[in-house]
Amino acid sequence: MRNIMLQPEAAQTESGNESNARTLPRIECVPRPGTPILGPSPIPHSPHLKSLELTRGCTHRCAFCSAHCPSGLAGGSAIYLYSNTAECLAAELRERSNRPWAVYVSPNADPFPPLLEVQSEACRTVEVLASHGIDALLMTRGYIRPSALQVLARHRERLRITIPLTTMDRGLQRSLEPFCASPRLRVRQIGKLRDLGIKVQVSLEPLVPGVSDTRSNFIALLDSLAEIGIRHVQAGYLFLRPGMTENLHQALASHGGAEAVLDAYSGGPTLQVGMARAACFLPKTRRQRGYAALMALGAERGITVSVSGALNPDFRSPQQLERPRASWQPLLPVFNRTCSRVG
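Residues numbered from 1 in each chain as written. Predicted model: local features only at pLDDT ≥ 70, side-chain atom pairs only at ≥ 80, totals over all residues. Heavy atoms only, no water.

Asks: Kindly report on the packing of aromatic side chains, identifying the contributing residues and their values.
Replies: Scanning all chains against the criterion turns up 3 aromatic pairs. With a centroid separation of 6.0 Å and an interplanar angle of 85°, the aromatic rings of Y291 and F315 are classed as edge-to-face. Of this pair, Y291 sits in helix α11 (residues 284–300) while F315 sits in the segment after β12 (304–307); the two residues are 24 residues apart in sequence, bridging distant segments of the chain. Look at Y291 and you get buried, because its relative accessible area is 2%. Three or more aromatic residues joined by ring pairs form one cluster here, namely Y237, Y291 and F315. Residue placement shows R56 over the ring face of Y80; its charged tip is 4.5 Å from the ring centre. (Phe/Tyr/Trp six-rings, centres within 6.5 Å; stacked < 30°, edge-to-face > 60°. Helix = DSSP H or I, 4+ residues; strand = E, 2+ residues; numbered from the N terminus. Buried < 20%, exposed > 50% of the residue type's maximum accessible area, 1.4 Å probe, protein only. Lys NZ or Arg CZ within 6 Å of the ring centre and 35° of its normal.)

In C-alpha cells:
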C-alpha cells in the first residue's frame, strides 16, 4: 500500500476562513475502538453498503450538525483521529469473504477538514478500498487540498463525491458553517472535480426556512452552478433534533434570529431518518412549496431538481440499495451524515 503524505498548502486562504490557524482544534491520535473497522450501512436494507469513521468529532462546527451539539461528537478543543485506519481496513478486507460494494467514508465527520492529518488518512483509506475493488462514497463541505485531489483522481472510477451547498451568501455561510470552505471555493471545487473525471453530485442542503430558501438565495445558488455546467441538483430541508436550538440561536442572531425558523416547524411531523434518531420536520406542505419554487427557478436555468429521500422520508418509501455499482452516485445524499443530520 502506498504511503501517502499530503504536502502542506496555504490552508488559510484556500479554506476561505482566515482565522483557522488560530482556532482549529488540536488533533489527537487514538486507537480504534475495536473491530470490525467497517460499520453498518447508514440506511436500512442496504447490506452491500458499509460505513467507516476516520475521526471522533468534526472540525467544521456547523450550526445544523449533530456533531456540534452538546450530546454530539464534538470533542471540545480536540478532534480524535483514529490511528492506522487504512492499515486496519486492509487487514480486515483481506479476511472478509463478503466484501461490500461501497463504503461511506466518515459519515459522522467531514473527511476533508482543514487538517492535513485527516485528509491524508482519508486518501489512504480511499486507496485501500480501490485496491480491493470497492467504491468510496464521500461528502464534504471542506477544501480538498491539491495533493489530495491528485490521489482521488488516480481512483476516479471508484469514487462518488457529494458537495453540499446552503447559500452563496458569505456572511450567512460563515454563521452556519464556520470552518467550511467558502461557497465560491466549493463551486470552483465542483468544477475541478468534474475536470478530473471524478463523479460529483451537488446537494442544496440543508435549506433553512425563511433564511436560505428565499428566491434571492435560490437564484444565487443556481446561477453559480449553471455557470460551471451543473444540470442537476438534489435538495433537502433542515430537520431538527433536541440539542441544536442554542447553536441555531447563535448562528442566526445577525440574520433575523432563530425563533422564526423554529416556529416554522410547529405542527411538523416527527419522522425516523434512516438508522438515526427521529427528528422534527418542516410541515410537508411547506417543504413542497419550497421545492416547487426551487424547481421552477432551476428549470429557467436548465437545472433539474430532485428531492432528497433521506431528508423527506414522508415523500416516498425508503429505497433499498440492491442495485449495481453504477447506480451509487445518484443515491449519495441518502447518506447525509453530520452536515445533513441536525440536532
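Asks: Account for helix α3 (residues 85–95), with residues named and values stated.
Replies: Of all the positions in α3, only T85, A86, L89, A90, E92 and L93 are classed as buried. What you see down the axis of α3 is that its buried residues fit within an arc of 165°, all on one side. Facing away from the buried surface of α3 by more than 90 degrees, the exposed residues are R94 and E95. Looking at the buried side of α3, the elements it contacts are β2 (49–52), β4 (78–82) and α4 (116–131). (Arc of directions from axis to C-beta. Contact = heavy atoms within 4.5 Å.)

Asks: Tell me what's going on with unusual backbone geometry, and back it up with residues and numbers.
Replies: The omega angle of the peptide bond from E205 to P206 is -5°, so this bond is cis rather than trans. Look at R61: it is not a glycine, yet its phi comes out positive at around 55°. With respect to the helices, strands and loops of the structure, R61 is situated in the loop between β3 (55–56) and β4. Its identity is not glycine, yet S106 carries a phi of approximately 65°, on the positive side. Note that S106 resides in the loop between β5 (102–105) and α4. Since its relative accessible area comes to 1%, S106 is described here as buried.

Asks: Explain the side chain of S51 residue by residue, including any values.
Replies: By the element assignment, S51 lies in strand β2. Classification of S51 as buried rests on a relative accessible area of 11%. Within the structure, S51 has its side chain in polar contact with the backbone oxygen of P40 (distance 2.8 Å). Those residues within four positions of S51 in sequence are excluded, and the remaining contacts are I37, L38, G39, P40, P42, V103, Y104 and P107. (Polar contact = N/O pair within 3.5 Å; in protein donor to acceptor, adjacent residues only side chain to side chain.)

Asks: I'd like a rundown of the packing of α4 against helix α5 (residues 146–154), residues and numbers included.
Replies: Close contact between α4 and α5 brings their axes to 10 Å; oriented N to C, the two are set at 10°. The orientation of α4 with respect to α5, classified from their angle, is roughly parallel. Counting all contacts with α4, which are made through Q119, C123, V126 and E127, the residues of α5 involved are A148, V151, L152 and R154. Each residue belonging to the contact of α4 with α5 can be placed in one class, and the counts come to 5 nonpolar, 1 polar and 2 charged. (Axes fitted to C-alpha atoms, helices over the stretch in contact; angles between N-to-C directions. Parallel < 35°, antiparallel > 145°, perpendicular 65-115°, else oblique. Nonpolar A, V, L, I, M, F, W, Y, C, P; charged D, E, K, R; others polar.)

Asks: Can you lay out the packing of helix α8 (residues 215–227) against α11 for me, pointing to particular residues and giving the numbers?
Replies: α11 packs onto α8 with a crossing angle of 40° between their chain directions and a minimal axis gap of 10 Å. Between α8 and α11, the interaxial angle falls into the category oblique. Remark: the crossing between α8 and α11 carries right-handed chirality. Across from R215, F218, I219 and L222 in α8, the residues of α11 making contact are G290, L294, L297 and G298. Each residue belonging to the contact of α8 with α11 can be placed in one class, and the counts come to 5 nonpolar, 2 polar and 1 charged. (Left-handed = near helix turned anticlockwise from the far one by under 90°.)

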